[in-house]
Amino acid sequence: MCEADPFAATLMYVEMPKYYTWNQSTKKFQRRKQGTPVPDWPQVFSTDALGRMYTVHPRNDECFYLRLLLVNVRGPKSFAHLKTVNGHQCQTYREACQLLGLLENDSHWDLTLADSVVSSNAYQIRTLFAIIITTCFPSQPIQLWNKYKDAICEDILHRLRIQTNNPDIQITDEIYNEGLILIEDQCLTIANKLLIEVGMIAPNRSMHDAFNQELNRELQYNVDTLQEFVRNNVPLLNEQQKQVYETLMQAVDNNTGGLFFLDAPGGTGKTFVISLILATIRSRCDIALALASSGIAATLLDGGRTAHSALKLPLNLNTIDTPTCNISRSSAMGKLLMQCKLIVWDECTMAHKKSLEALNFTLKDLRRNNNIFGGLMILLAGDFRQTLPVVPRGTPADELNACLKASPLWNNVKTLSLTTNMRVQLQNDQSAAQFSKQLLDLGNGKVPVDATSGLITLTNDFCRFVDTQLVLIENVFPNISENYKNYAWLSQRAILAAKNNDVHALNFTIQSKIAGDLVTYKSVDSITNPDDVVNYPTEFLNSLEIPGFPPHNLQLKVGTVIMILRNLNPPRLCNGTRLSVKRLMPNLIEATIINGKYAEDET
Ligand SMILES: Nc1ncnc2c1ncn2[C@@H]1O[C@H](COP(=O)(O)OP(=O)(O)OP(=O)(O)O)[C@@H](O)[C@H]1O
């Protein structure tokens with residue numbers, strides 16, 4: 001069929017019934033004579049008929065892989081054609097699936113590392129290796145290490161050659177060991193796991209050293225740089241900020257502990273003041289822990305980490321009555337919390353009240369002190385007008401109940417406020433001032449709600465309304481075909497949409513304005529229980545658009561803006577980090593970070 005009919009050659013097997021009917025007597029497909037005309041294809045009509053293929057159990061292996069090829073390869077002309085990948089005719093359908101990257105196995109990770117060896121430096125390869133072994137679960141990580149350890153340790157060898165002024169030094173077991181230690185440190189940061197826990201060989205280091213990483217990390221700041229930062233920025237504080245800074249620093253100096261809340265709507269300099277407080281404490285060689293409820297908020301603070309991973313909070317906070325943090329007195333985090341002078345928790349308004357209660361219990365226990373938070377000073381920051389904690393399948397009442405204000409701890413809070421919008425003041429922009437006020441009114445519930453519909457009406461001057469997506473794109477991304485190379489320009493604009501369909505349409509249109517070829521990346525979706533495979537065929541899994549997952553068919557160009565969807569390597573690569581694609585390889589995407597503290601870093 002695909003040989004004879006050029007339109008059929010553009011289709012996949014399952015799409016055939018949409019455009020063709022099966023003629024029983026001639027035993028051939030023939031084009032539909034009615035339906036919606038297909039643009040650019042005269043005499044071709046489409047209907048909404050659905051194609052269904054028999055499911056096959058993977059134990060029936062070649063049949064299973066043939067079916068997998070039929071739902072992925074367009075216009076196959078013969079069985080031999082289905083088995084041919086990049087000009088190479090495979091012996092089996094399984095091999096063809098393998099070469100097309102449709103099966104999940106270690107070869108993905110092998111090829112990914114092989115791509116990175118060609119294009120990346122040793123630090124980047126090491127980070128990639130740490131991410132692969134902690135988040136992708138390859139079955140033979142040691143084999144991968146043995147294959148790529150020379151590339152992973154290349155910078156260590158280079159450093160030794162320079163230090164000793166001896167270009168003839170060859171790679172040794174000590175160098176590999178140092179490489180393993182560096183990878184282990186990254187695994188501890190990413191997933192709090194030792195190498196031995198992810199199926200790798202353990203480096204030769206004392207456990208004390210491995211576990212003290214967390215403590216060392218909080219003490220490694222450059223005191224001179226921090227002192228200079230404080231000297232330069234304290235004079236910039238406005239009156240309100242100065243008062244907040246002084247009150248908080250006095251509380252730190254008095255060492256009396258307490259719970260403070262910095263109530264600051266967006267743009268009032270909350271991050272600015274917090275960074276200054278953190279720097280002041282750290283410049284005295286004391287410990288100040290910077291936490292945030294989301295990875296992306298953590299990237300804005302120096303040394304910022306997500307509260308969940310740093311405090312080892314349980315995942316099911318909702319269902320536990322009195323949760324505690326999984327931190328013992330002898331652990332590095334335990335020691336850190338005992339020595340710490342201040343914990344800052346940004347975007348705390350998104351946190352579940354029980355996470356703060358868990359911290360309270362844990363600190364009392366660790367510090368052997370029955371005062372609130374074990375006598376440690378806690379600074380919460382955020383804005384209750386923004387997103388509250390998300391309670392899966394919960395009602396608005398559940399959300400309010402999960403909110404920090406519903407916790408008995410809130411009775412002890414001392415509130416400090418910032419109200420001057422510094423973005424507006426610094427730019428002296430009247431329209432920005434008006435917009436900021438309108439946003440505050442909205443957040444404070446001052447915009448009237450229509451009693452019948454329960455909706456609010458935005459005033460015509462709330463912002464500029466446009467009629468179509470195209471006009472919106474033109475306004476937000478003018479001349480994108482040229483401007484996409486300017487990272488600072490890109491970092492300041494984004495279009496948000498509530499539905500995936502709109503997001504896909506917007507991405508498609510914006511991407512089509514950038515010159516260059518599209519490269520397709522397909523996900524490998526499989527069922528963990530093989531007995532369920534017939535109930536959940538691969539193409540069904542591929543069709544699912546699950547929140548927080550990339551689409552099955554990801555199409556990218558060099559210059560496209562992408563966003564990381566999980567905390568891969570915090571604080572550099574978090575859920576929400578935006579990057580611009582720099583290079584597209586078959587198994588690896590090289591990109592440059594465009595926002596946050598690590599902007600312009602390549603990854
Ligand atoms: N006193 C100041 N002097 C100079 N610049 C300031 C001052 N306070 C804040 N800024 C600048 O104003 C901008 C907004 O401040 P910042 O990001 O700290 O606000 P924020 O309250 O954290 O906002 P958001 O919640 O939206 O992140 C930043 O660019 C910051 O550097």
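Residues numbered from 1 in each chain as written. Predicted model: local features only at pLDDT ≥ 70, side-chain atom pairs only at ≥ 80, totals over all residues. Heavy atoms only, no water.

Around the ligand there are 15 residues in total, and Leu-236, Gln-241, Gly-267, Thr-271 and Phe-272 lie nearest to it. Here a nitrogen atom of the ligand and a backbone polar atom of Leu-236 are 2.9 Å apart. In this structure, Gly-269 approaches the ligand through a main-chain N or O atom, which is 3.1 Å from an oxygen atom. Protein chains shield 74% of the accessible area of the ligand, which is 620 Å² for the free molecule. (Near = heavy atom within 4 Å. Polar contact = N/O pair within 3.5 Å; in protein donor to acceptor, adjacent residues only side chain to side chain. Areas by Shrake-Rupley, 256 points an atom, 1.4 Å probe, with all protein chains shown as cover.)

Take the packing of helix 5 (residues 106–119) against helix 7 (residues 141–152) next. Direction vectors running N to C along helix 5 and helix 7 enclose 5 degrees, while the axes themselves pass 11 Å from each other. The angle between helix 5 and helix 7 places the two elements in the roughly parallel class. Residues Trp-109, Asp-110, Leu-113, Ala-114 and Val-117 of helix 5 form the contact with helix 7, whose own contacting residues are Leu-144, Lys-147, Tyr-148 and Ala-151. Within the contact of helix 5 with helix 7, the residues separate by chemical class into seven nonpolar, no polar and two charged. (Axes fitted to C-alpha atoms, helices over the stretch in contact; angles between N-to-C directions. Helix = DSSP H or I, 4+ residues; strand = E, 2+ residues; numbered from the N terminus. Parallel < 35°, antiparallel > 145°, perpendicular 65-115°, else oblique. Contact = heavy atoms within 4.5 Å. Nonpolar A, V, L, I, M, F, W, Y, C, P; charged D, E, K, R; others polar.)

You can see Ala-591 is positioned in strand 17 (residues 589–593). Each C-alpha atom, one on Ala-591 and one on Ala-406, is 42 Å from the other, the two residues being 185 residues apart in sequence.

Its identity is not glycine, yet Phe-137 carries a phi of approximately 50 degrees, on the positive side. By secondary structure assignment, the location of Phe-137 is in the loop between helix 6 (122–136) and helix 7. Classification of Phe-137 by relative accessible area gives exposed; the value is 62%. A positive phi angle, close to 65 degrees, is found at Cys-285, a residue other than glycine. Its location among the elements puts Cys-285 in the loop between helix 13 (270–283) and strand 8 (288–292). (Buried < 20%, exposed > 50% of the residue type's maximum accessible area, 1.4 Å probe, protein only.)

Turning our attention to the sheet that holds strand 10 (residues 342–346). The strand order 9-8-10-11-7-12 describes an open sheet built from six strands, whose pairing is parallel. The sheet is open, and its two edges are formed by strand 9 (305–306) and strand 12 (413–417), each paired on a single side. Where strand 7 (residues 258–263) meets strand 11 (residues 377–382), six bridges bridge the pair, whose relative direction is parallel. By the bridge assignment for strand 11, Gly-258 is matched with Met-377. Its contacts with the sheet put helix 12 (residues 239–254) on strand 7, strand 11 and strand 12, and the angle it makes with strand 12 is roughly 150 degrees. Across the sheet, helix 13 lies against strand 7, strand 8, strand 10 and strand 11, angled at about 150 degrees from strand 8, the strand it touches most. (Pairing = 2+ DSSP bridges.)

The next thing to look at is the nonpolar core. Note on soluble globular proteins: their nonpolar side chains tend to be buried together. Within the largest apolar cluster, 36 residues are counted, with the highest numbers of intra-cluster contacts made by Ile-343, Trp-345, Ile-378 and Leu-380. At the level of secondary structure, the elements contributing two or more residues to this core comprise strand 7, strand 8, helix 15 (307–310), helix 16 (332–339), strand 10, helix 17 (353–366) and strand 11. Per element, the largest residue contribution to this core is five residues, and it comes from helix 17. Judged by nonpolar contacts, the second largest core, of 35 residues, contains Ala-130, Ile-183, Cys-187 and Ile-564. (Core = buried A, V, L, I, M, F, W, Y, C linked by side-chain atoms within 4.5 Å.)

The strand order across the open sheet built from three strands is 15-16-17, with neighbouring strands paired in antiparallel fashion. Single-partner strands in this sheet number two, and they are strand 15 (561–563) and strand 17. Each strand axis lies, on average, 50 degrees off the axis of its neighbour in the sheet, ignoring direction.

With that settled, the discussion passes to the state of the cysteines. Across all of its chains, the model carries zero disulfides by this definition. Among the cysteines around Cys-325, which has no disulfide bond, Cys-340 carries the closest sulfur, lying 13 Å off. Classification of Cys-325 by relative accessible area gives buried; the value is 6%. Accessibility expressed as a relative area gives 4% for Cys-340, which makes it buried. (Disulfide = S-S within 2.5 Å.)

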